[in-house]
Amino acid sequence: MGQKKDLTGSEKSKIVRYLAEGCSSLKIAKLLKRDHRTIERFIQNSQQGRKKRVEKPRRKITAHELRKVKRAAAKMPLATSLAIFQSCNITGVPKSTRCAILRDMAKVRKAERRPPLNKTHKLKRQDWAKKYLKTDFSKVLWTDEMRVSLDGPDGWTRGWIGKGQRAPVPLRRQQGGGGVLVWAGIIKDELVGPFRVEDGVKLNSQSYCQFLEDTFFKQWYRKKSASFKKNMIFMQDNAPSHTSKYSTAWLARKGIKEEKLMTWPPCSPDLNPIENLWSIIKCEIYKEGKQYTSLNSVWEAVVAAARNVDGEQIKTLTGSMDGRLLSVLAKKGGYIGR
């Protein structure tokens, strides 16, 4: 019986099964019609187990070079190993060695989505929570802007593709497609807007106030009763166009001043419930990897998605503020989950 080719996966499985049943290697060779030496060799190799990986010696770098790499890694947290070593003028080091050296002093991580809070930020967040702890949040109008692009927040999507089917090819644009800037507000169980900022307009103090005049004040605020206007608290974040002297004075002339204009702590998107509204709208307009071919079409999608957000959803968001305040106090000013 001559030697044949290497054992197949099916034959290896049968050998293991026959051994478990108490068969000898000679009997297995006869059952499989294979050379006895081939069966013996497979059994011996299986009993030996996998060979340990032999670590190749690294190219040694000096202590001075190591300190330079450590400083460069701290200054360039998202750079590649090659870029870090090149910035130190260290050449001729293979990638495996570079990564092994960096693993001793660093760890590969994704970029943080939120900026770190320093001590001052945390204290201001705590002070804000204490100040508004007894506020009736059903009277607060939460506002914010959101930019939506034609291709979605990531520019790529993944999903289940059936066998035999090809994955769809996303639309690619040579110069990008731009986006639409959207402003909206929520109060109690009501959605204000959304309103579209005119294409090409940069929101500085003057254009921001003019935008509010043409949309929020003329189309929504002026229809409200005097008692509603008297009790409403206007919230906006700390964007320069919002907090400038010009904008503050302009809002004061509209009757939104002092306690009617909510102070806002720095670096606090997690405390604004309208951020959750933006997430709901984006999930809807970009579901199933949806892309758009024009700014008007993506704006229409935003309007349609906003129309589908019912009052109960908005009430859930605005009604979460008491819990958010307690959470930020419990975390001593730290970020809370949204």
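Residues numbered from 1 in each chain as written. Predicted model: local features only at pLDDT ≥ 70, side-chain atom pairs only at ≥ 80, totals over all residues. Heavy atoms only, no water.

Caption draft 1: Local environment of the sheet that holds strand E2 (residues 179–187). Across the sheet, which stays open at both edges, the 4 strands sit in the order E3-E2-E1-E4 with mixed pairing between neighbours. Every other strand in the sheet has two partners, leaving strand E3 (190–196) and strand E4 (233–235) as the edge strands with one partner each. Taken over all neighbouring pairs, the strand axes of this sheet differ in orientation by 20° on average, direction set aside. In this structure, strand E1 (residues 140–149) lies alongside E2, joined through 8 bridges in antiparallel fashion. Its bridge partner lying in E2, Asp144 is registered against Ala184. In the packing of helix H12 (residues 274–285) onto the sheet, the strands contacted are E1, E2 and E3, and the crossing angle to E1 comes to about 35°. (Pairing = 2+ DSSP bridges. Helix = DSSP H or I, 4+ residues; strand = E, 2+ residues; numbered from the N terminus. Axes fitted to C-alpha atoms, helices over the stretch in contact; angles between N-to-C directions. Contact = heavy atoms within 4.5 Å.)

Caption draft 2: How the structure looks around the packing of aromatic side chains. Tallying each qualifying case throughout the model produces 15 aromatic pairs. Geometrically, the ring pair formed by Trp128 and Trp264 is edge-to-face, given 5.2 Å between the ring centres and 80° between the ring planes. Linking Trp128 in helix H7 (residues 119–131) with Trp264 in the loop between helix H11 (245–253) and H12, this pair joins segments that are 136 residues apart in sequence. Of the residues examined, Trp128 reaches a relative accessible area of 3% and is grouped as buried. Aromatic ring contacts, followed pair by pair, group Trp183, Phe195, Phe211, Phe216, Phe217, Trp220, Tyr221, Phe228, Phe234 and Trp250 into a single cluster. Residue placement shows Arg17 over the ring face of Tyr18; its charged tip is 5.3 Å from the ring centre. Sitting above the plane of the Tyr221 ring, Lys229 keeps its charged end 5.1 Å from the centroid. (Phe/Tyr/Trp six-rings, centres within 6.5 Å; stacked < 30°, edge-to-face > 60°. Buried < 20%, exposed > 50% of the residue type's maximum accessible area, 1.4 Å probe, protein only. Lys NZ or Arg CZ within 6 Å of the ring centre and 35° of its normal.)

Caption draft 3: Broad picture of the side chain of Arg98. Topologically, Arg98 is positioned in helix H6 (residues 95–103). No salt bridge is formed by the buried Arg98; the nearest opposite charge belongs to Glu65, separated by 13 Å. With near-sequence residues (within four places) excluded, Arg98 lies in contact with Ser81, Leu82, Phe85 and Val93. (Lys, Arg positive; Asp, Glu negative; His and termini not counted. Salt bridge = Lys/Arg side-chain N within 4 Å of Asp/Glu carboxyl O.)

Caption draft 4: Summary view of the pattern of salt bridges. By the definition in use, this model includes 8 salt bridges. Here Glu11 and Arg34 are joined by a salt bridge, their closest N and O atoms 2.7 Å apart. Of the two residues, Glu11 sits in helix H1 (residues 9–20) while Arg34 sits in the loop between helix H2 (25–32) and helix H3 (36–48), which places them 23 residues apart along the sequence. Residue classification places Glu11 among the buried residues on the basis of a relative accessible area of 16%. Accessibility expressed as a relative area gives 5% for Arg34, which makes it buried.

Caption draft 5: Representation of the nonpolar core in the model. Trp128, Trp142, Val148, Met262, Ile281 and Ile285 are the most contacted members of the largest nonpolar core, which has 39 residues in total. Within the residue set of this core, elements represented by two or more residues are H7, E1, E2, E4, H12, helix H13 (295–307), helix H14 (311–318) and helix H15 (321–330). With 6 residues, the single largest contributor to this core is H13. Apart from the residues lying within four places of it in its own chain, the contact partners of Ile281 are Met146, Val302, Ala305 and Ala306. Formed by 22 residues, the second largest nonpolar core is a distinct cluster that contains Leu181, Ile187, Tyr221 and Leu261. (Core = buried A, V, L, I, M, F, W, Y, C linked by side-chain atoms within 4.5 Å.)

Caption draft 6: Molecular detail of the environment of Met146. Within the fold, Met146 resides in strand E1. In this structure the C-alpha to C-alpha distance between Met146 and Trp183, which are 37 residues apart in sequence, comes to 6.4 Å. With residues up to four places along the chain from it excluded, the contact list for Met146 reads Val180, Leu181, Val182, Trp278, Ile281 and Lys282.

Caption draft 7: Inspection of H14 at higher detail. When we look at burial in H14, the residues that qualify are Ile314, Leu317 and Thr318. Looking down the long axis of H14, one finds its buried residues gathered within 90° of arc, a one-sided arrangement. Turned more than 90 degrees away from the buried face of H14 sit Glu312 and Thr316, all of them exposed. Here the buried face of H14 lies against E1, E2, E3, H12 and H15. Between the side-chain oxygen of the N-cap and the backbone nitrogen of Glu312 there are 3.2 Å, and the N-cap of H14 in question is Asp310. (Arc of directions from axis to C-beta. Polar contact = N/O pair within 3.5 Å; in protein donor to acceptor, adjacent residues only side chain to side chain.)

Caption draft 8: How the structure looks around the packing of H12 against H13. Direction vectors running N to C along H12 and H13 enclose 120°, while the axes themselves pass 9 Å from each other. Compared by their axis directions, H12 and H13 come out oblique. Crossing geometry of H12 relative to H13 is assigned as right-handed. On H13, the residues that touch Ile281, Glu284 and Ile285 of H12 are Ala301, Val302, Ala305 and Ala306. Among the residues making up the contact of H12 with H13, the classes are represented as 6 nonpolar, no polar and 1 charged. (Parallel < 35°, antiparallel > 145°, perpendicular 65-115°, else oblique. Left-handed = near helix turned anticlockwise from the far one by under 90°. Nonpolar A, V, L, I, M, F, W, Y, C, P; charged D, E, K, R; others polar.)

Caption draft 9: Layout of unusual backbone geometry. Between Gly193 and the following residue, Pro194, the backbone shows a cis peptide bond with an omega angle of 5°. Here Pro194 is to be found in strand E3. In this model, Lys33 sits at a positive phi of 55°, which is unusual for a non-glycine residue. Within the secondary structure, Lys33 sits in the loop between H2 and H3. Look at Lys33 and you get exposed, because its relative accessible area is 59%. Of note in this structure, Glu258 is not a glycine but carries a positive phi near 50°. Within the fold, Glu258 resides in the loop between H11 and H12. Judged by relative accessible area, Glu258 falls into the exposed class, the value being 67%.

Shape descriptors only; they carry no functional weight alone.
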